[in-house]
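Here is how the chains run, residue by residue.
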Amino acid sequence: MRVGVGVAKRVPHGVSSLYLASGVSFLNAPESVFDAMIEGWRMQQLGGRRLKGDSVTAGVGVVRRFEAYAMKKPWEWSASDFDEWMMLLVSQRQVAASTIRSYQGAVRQFCDYVCSPHYGWVDECMQRFGTHPVQVCHEWNTLPHLQDYEGGAGRRPLTRQELQRLLDHADDEVSRVLDGHRKGALPAFRDATLMKVVYAWGLRASEAVGLDVTDFYRNAKAPQFGELGVMQVRHGKSSRGGPPKRRAVVSLFDWAVEALQEYIEQVRPLMVRSEGTTALWLSERGTRLRTRELDSRFATYRDALGLDEVLTPHALRHSYVTHLIESGVDPGFVQRQVGHLHQSTTAIYTGVSTDYMNTMMSQALERTRHRPSGEEGTES
C-alpha cells in the first residue's frame, strides 16, 4: 500500500492558537489572554519580522505601560484612552517628540497585530469577552514624522570659522608631537584625518569608526579622486529594530580625499598589528577604533579651543549638511548623501529625478573643491 506524504501547513508566528488552548477557562481570563497576546506579538516580531531583541522588548514595555495606565485590556481600548495617555506624557511628563512617536509606533503595531484576521485574536476575544480589539492609533491622533532630527536646540553645527579652527588645531597637534620628538604622532595624524572624514562625508561617529579600507571605489564622474571616489557606508543608522542601513556617499572635497589617501598609504600601515585587519581606523593596539575614543579626542580639541561644550562629533555631520545647503547644493542631493529618510531641520529637502547623481554631483564638486575657509559663509 502506498503511503502519501503530507505537507505540513506553515503556521505564522504569533497565531492565537499557539498560545491559548481552545475552550480552556482561566482563573483570570483577561490577564491570561493579554499575556498570550503579548507573547504572540513578541514572537511575531522576533520570528516573522526578524526584529532585534532589545527593540522588541522596548515595544512590549510600551504596550504594557499603556495597558497599566488605561486599566483596560486591548479589546477594551479606545482612541480616547490613547489620547489621554499621550496628553499625560506630553503635558505632565514632558516626554520628547521622538519618544512620543516611538510609543505611538509600538501601540500602533501591537493593535495591527491583534486586529489582524491572520492571527485569530479577534475571534478569540469575541468568544471569550463578546468584544474585540480595534486600532486606537490613527493619522489624526499621532505625530507625523516631519523631521529627521528632533534633538535639543543646543545641538548645532559648527560655523565655518569654528570648523576651520578645529581642523587646523588637529593638524597642529601632529606638528607639535613631531617637533617635540614625543610619542603619539601616528594617533594624532589618525585623529586629524578622522575628523576631516567625518565632516567631508557627513558621517555619524559609528559610521566613521565602522569603515574598512575596502569601503571605497572609483567614481567615473570624478576620476580625480581615484579609488576614493565613493564611500560605501555599511553601518548606517537602522530603522527601529532593523539591520544597519547601507548607502553610497560620493566624495566632494579634494582636500579631504588627499588627507585620507595620505593616511591610508603612509600612516595606517604603521599601525597595523595583525594580518587581515581591514579596519580603516586603528588604535595603538591595532584594534578598531571606538566611538568613545573619537568623542574623547574631539572634546579635548574643542575644549582647548574654547568652543561651545554642546559641540560633539555629530556636529561635524550637521555642519556638512548646513554648509552644503548654504553653498547652494540641491537639498535632495544632500539628503541622499547623509541617508536621511525624512526632512531635516537643517534644510527643506526636495524631490530629485533619477538623474540627480550625474547633474547635482557635478555642481557640488564645483562648489566644494577647496577646504572650507574661515572667511566665507555665515553662522548657522
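A few points on the structure.

Conventions used here
Residues numbered from 1 in each chain as written. Predicted model: local features only at pLDDT ≥ 70, side-chain atom pairs only at ≥ 80, totals over all residues. Heavy atoms only, no water. Helix = DSSP H or I, 4+ residues; strand = E, 2+ residues; numbered from the N terminus. Buried < 20%, exposed > 50% of the residue type's maximum accessible area, 1.4 Å probe, protein only. Contact = heavy atoms within 4.5 Å. Areas by Shrake-Rupley, 256 points an atom, 1.4 Å probe, with all protein chains shown as cover. Pairing = 2+ DSSP bridges. Phe/Tyr/Trp six-rings, centres within 6.5 Å; stacked < 30°, edge-to-face > 60°. Expected span 1.5 Å × (residues − 1). Polar contact = N/O pair within 3.5 Å; in protein donor to acceptor, adjacent residues only side chain to side chain. Core = buried A, V, L, I, M, F, W, Y, C linked by side-chain atoms within 4.5 Å. Disulfide = S-S within 2.5 Å. Axes fitted to C-alpha atoms, helices over the stretch in contact; angles between N-to-C directions. Parallel < 35°, antiparallel > 145°, perpendicular 65-115°, else oblique. Left-handed = near helix turned anticlockwise from the far one by under 90°. Nonpolar A, V, L, I, M, F, W, Y, C, P; charged D, E, K, R; others polar.

## Here we look at the overall build of the protein
Here is step 1 of the chain: Per the secondary structure count, the protein includes 13 helices and three strands.
Here is step 2 of the chain: The proportion of buried residues among the 380 residues of the protein is 46%.
Here is step 3 of the chain: When contacts within the protein are restricted to residue pairs at least 6 apart in sequence, long-range pairs at least 24 apart make up 64% of them.
Here is step 4 of the chain: Total accessible area on the protein is roughly 19400 Å²; 52% of this is exposed by carbon and sulfur atoms.

## A few points about the pairing of strand 2 (residues 230-236)
Here is step 1 of the chain: Buried residues dominate strand 2, accounting for five of its seven residues.
Here is step 2 of the chain: As defined by bridge partners, strand 1 (residues 216-217) adjoins strand 2 across two bridges and the pair is classed as antiparallel. Bridge pairing in strand 2 links Phe 216 to Met 231.
Here is step 3 of the chain: Both strand 2 and strand 3 (residues 245-250) contribute to a ladder of five bridges, which runs antiparallel. By the bridge assignment for strand 3, Gln 232 is matched with Ala 248.

## As for the sheet that holds strand 1
Here is step 1 of the chain: Spatial ordering of the open sheet is given by 1-2-3, a layout of three strands whose pairing is antiparallel. The sheet is open, and its two edges are formed by strand 1 and strand 3, each paired on a single side.

## Let's talk about the packing of aromatic side chains
Here is step 1 of the chain: All told, the structure shown has 16 aromatic pairs when counted by the stated rule.
Here is step 2 of the chain: Consider the rings of Phe 66 and Phe 82, whose centres lie 5.6 Å apart with planes at 90°: the pair is edge-to-face. Placement of Phe 66 in helix 2 (residues 53-70) and of Phe 82 in helix 3 (residues 79-92) is noted, with a sequence separation of 16 residues between them.
Here is step 3 of the chain: Assessed through its relative accessible area of 0%, Phe 66 is described here as buried.
Here is step 4 of the chain: Each ring, one from Tyr 199 and one from Tyr 320, has its centre 6.4 Å from the other, and the planes form 85°; the classification is edge-to-face. In this pair, Tyr 199 is assigned in helix 7 (residues 185-200) and Tyr 320 in helix 11 (residues 314-326), connecting sequence segments 121 residues apart.
Here is step 5 of the chain: A network of ring pairs unites the aromatic residues Trp 41, Phe 66, Trp 77, Phe 82, Trp 85, Tyr 103 and Phe 110 as a single cluster.

## A word on helix 1 (residues 29-48)
One turn of the α-helix equals 3.6 residues, which is why residues spaced by three or four share an orientation.
Here is step 1 of the chain: Taking 1.5 Å of rise per residue, the 20 residues of helix 1 would be expected to cover 28 Å, and the 27 Å separating its terminal C-alpha atoms lies within 8% of that figure.
Here is step 2 of the chain: Among the residues of helix 1, those classed as buried are Ala 29, Val 33, Phe 34, Ala 36, Met 37, Ile 38, Gly 40, Trp 41, Gln 44, Gln 45 and Gly 47.
Here is step 3 of the chain: If you follow the buried residues of helix 1, they end up packed against helix 2, helix 4 (97-115) and helix 5 (121-129).
Here is step 4 of the chain: The distance from a side-chain oxygen at the start of helix 1 to the backbone nitrogen of Glu 31 is 3.3 Å, and the residue carrying that oxygen is Asn 28.
Here is step 5 of the chain: Just downstream of helix 1 lies Arg 50, where phi reads positive at about 60°.

## What about the nonpolar core?
Here is step 1 of the chain: The biggest cluster of nonpolar side chains holds 58 residues, and the ones touching the most others in it are Trp 201, Phe 253, Leu 260, Trp 281 and Leu 316.
Here is step 2 of the chain: With nine residues, the top contributor of residues to this core is helix 7.
Here is step 3 of the chain: With residues near it in sequence (within four places) discarded, Trp 281 still touches Arg 190, Thr 193, Leu 194, Val 197, Ala 208, Val 209, Leu 211, Leu 260, Tyr 263, Thr 287, Arg 288 and Leu 289.
Here is step 4 of the chain: In terms of nonpolar packing, the next biggest core, distinct from the first, is built from 34 residues, Ala 36, Trp 77, Val 114 and Cys 137 among them.

## Brief notes about the state of the cysteines
Here is step 1 of the chain: Scanning the entire structure with this criterion turns up zero disulfides.
Here is step 2 of the chain: Not engaged in a disulfide, the cysteine Cys 115 finds its nearest cysteine sulfur in Cys 111; these two sulfurs lie 5.7 Å apart.
Here is step 3 of the chain: With no disulfide of its own, Cys 125 has Cys 115 as its nearest cysteine by sulfur position, at a separation of 9.1 Å.

## Quick word on the packing of helix 1 against helix 2
Here is step 1 of the chain: At a closest axis distance of 10 Å, the pairing of helix 1 and helix 2 adopts a crossing angle of 155°. The angle between the axes of helix 1 and helix 2 places the two elements in the roughly antiparallel class. Both helix 1 and helix 2 take part in a crossing whose hand is right-handed. Residues Phe 34, Asp 35, Ile 38, Trp 41, Arg 42, Gln 45 and Leu 46 of helix 1 form the contact with helix 2, whose participating residues are Gly 53, Val 56, Gly 59, Val 60, Val 63, Arg 64 and Glu 67.
Here is step 2 of the chain: For the contact of helix 1 with helix 2, the per-class residue count stands at seven nonpolar, three polar and four charged.

## Re helix 6 (residues 160-179)
Here is step 1 of the chain: Between its terminal C-alpha atoms helix 6 stretches 28 Å, which fits the 28 Å expected from 20 residues at 1.5 Å a residue.
Here is step 2 of the chain: All buried positions along helix 6 are accounted for by Arg 160, Glu 162, Leu 163, Gln 164, Leu 166, Leu 167, His 169, Ala 170, Glu 173, Val 174 and Val 177.
Here is step 3 of the chain: For helix 6, the secondary structure elements touched by its buried residues are helix 7, helix 9 (254-271), helix 10 (291-305) and helix 11.
Here is step 4 of the chain: Directly beyond the C-terminal end of helix 6, a positive phi value near 55° is found at His 181.

## What about the packing of helix 2 against helix 4?
Here is step 1 of the chain: Close contact between helix 2 and helix 4 brings their axes to 9 Å; oriented N to C, the two are set at 85°. When the interaxial angle is binned, helix 2 and helix 4 end up roughly perpendicular. For the pair helix 2 and helix 4, the contacting residues are Gly 59, Val 62, Val 63, Arg 65 and Phe 66 in the first and Tyr 103, Ala 106, Val 107 and Phe 110 in the second.
Here is step 2 of the chain: Residue composition of the contact of helix 2 with helix 4, by class: seven nonpolar, one polar and one charged.

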